[in-house]
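# Descriptive structure summary
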Amino acid sequence: MVAGLDIGTDRLRVARGDASAPSFDEAATVALAVDAGDLTATGRAPEDLATVEVDGETYVLGDDALAVGDALDRTPESLLDAGYLRPGERYRAAFAALVATGVGGPAQSAERLCYTTPGAPVEASIDTDAHRAAVSGALEDLGYDATPVSEGLAVIYDVLADRNLTGLGIAIRGDTTSACLAYYGVPVLVFSIARGADWVEARAAEATGVDPDTVADRRESFVLDPMADADGVADA
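All values derive from a computational prediction rather than experimental measurement. (Residues numbered from 1 in each chain as written. Predicted model: local features only at pLDDT ≥ 70, side-chain atom pairs only at ≥ 80, totals over all residues. Heavy atoms only, no water.)

## Quick word on the pairing of strand β4 (residues 30-34)
Taken across its five residues, β4 has four buried, putting it largely inside the fold. In the sheet, β4 pairs with strand β7 (residues 77-78) via two bridges, with the strands oriented antiparallel. Within β7, the residue paired with Ala31 across the bridge is Glu77. Strand direction decides the pairing type here: β4 and strand β6 (residues 57-61), joined by four bridges, are antiparallel. Pairing of Ala33 across the sheet is with Tyr59, part of β6. (Buried < 20%, exposed > 50% of the residue type's maximum accessible area, 1.4 Å probe, protein only. Helix = DSSP H or I, 4+ residues; strand = E, 2+ residues; numbered from the N terminus. Pairing = 2+ DSSP bridges.)

## What to know about the pairing of strand β5 (residues 51-54)
Only one face of β5 is buried, namely the one carrying Val52 and Val54, since none of Thr51 and Glu53 on the opposite face is buried. Relative to β6, β5 is paired through four bridges, and the arrangement is antiparallel. Following the sheet pairing, Thr51 is matched in β6 by Val60. In this antiparallel pair of consecutive strands, β5 and β6, the connection spans two residues, and Asp55 shows a positive phi of 50°.

## A look at the sheet that holds strand β12 (residues 167-172)
For sheets, the rule is that strands pair by backbone hydrogen bonds, running either parallel or antiparallel. Taken together, three strands build an open sheet; the order of strands is β12-β13-β14 and the sheet is antiparallel. If you trace the sheet from one side to the other, it starts and ends with β12 and β14 (186-193), each paired once. Strand-to-strand twist of the sheet, defined as the mean angle between neighbouring strand axes without regard to direction, takes the value 15°. With seven bridges joining them, strand β13 (residues 177-183) and β14 adopt antiparallel strand pairing. Within the sheet, the bridge partner assigned to Thr177 lies in β14 and is Ile193. Its contacts with the sheet place helix α5 (residues 151-159) against β12, β13 and β14, and it is angled at close to 120° to β12. (Axes fitted to C-alpha atoms, helices over the stretch in contact; angles between N-to-C directions. Contact = heavy atoms within 4.5 Å.)

## Here we look at the pattern of salt bridges
In this structure the tally under the stated criterion is ten salt bridges. Asp6 is paired through a salt bridge with Arg13; the nearest N and O atoms lie 4.0 Å apart. Note on Asp6: relative accessible area 21%, which makes it partly exposed. Looking at Arg13, the relative accessible area reads 31%, which means it is partly exposed. Here Asp10 ties to Arg13 by a salt bridge, and the two come within 4.0 Å at their closest N and O atoms. Among the residues examined, Asp10 registers a relative accessible area of 46% and is labelled partly exposed. (Salt bridge = Lys/Arg side-chain N within 4 Å of Asp/Glu carboxyl O.)

Encoded structure:
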């Protein structure tokens, strides 16, 4: 069996099972440091939450971190920055625990797992090897045979199967954009930039004078069609 893990700055998403009817799990890619007093104030017991202990500190993970953060009026911290796992043991440990407890759990019978990674960043100095080592190590500790796949290449495999897996795949996330040029499924050029949907929406709202939330809603429903009539927001 093969599983797929999409690692986003906002959420982890895993698909497994039959490719024609896979099952899905997901969790927010965040952690929140708490103490016993914090949990008492929210009326929540540690055993009822996804947590991890790192250097004597307790971190609530995933969607539980969002719920506890709302109750405490605090914002959980993303485990990733520009699509890459933040450096430090607490981020590695939180990621491994989140995968193990919140997204699919341990491997099933030496299960193969393909996970997404951004392309090499062109505008920032990020240790991409450390990111892959941390992610692969966490997954292999759970028994997975882990293989990285660039986000742009994943797009090509999704939409260009009938075109010999040849073309340009672009994955736009909130804070990053990854691109991959492939020929017959083989990556020729792979890179990413630290600008994504959030940056596009902000620039479009600034250019058109339209409320940013309205621009965000339009982007969600936007379909690229050169023949369609477009208004100012779509043009932007």
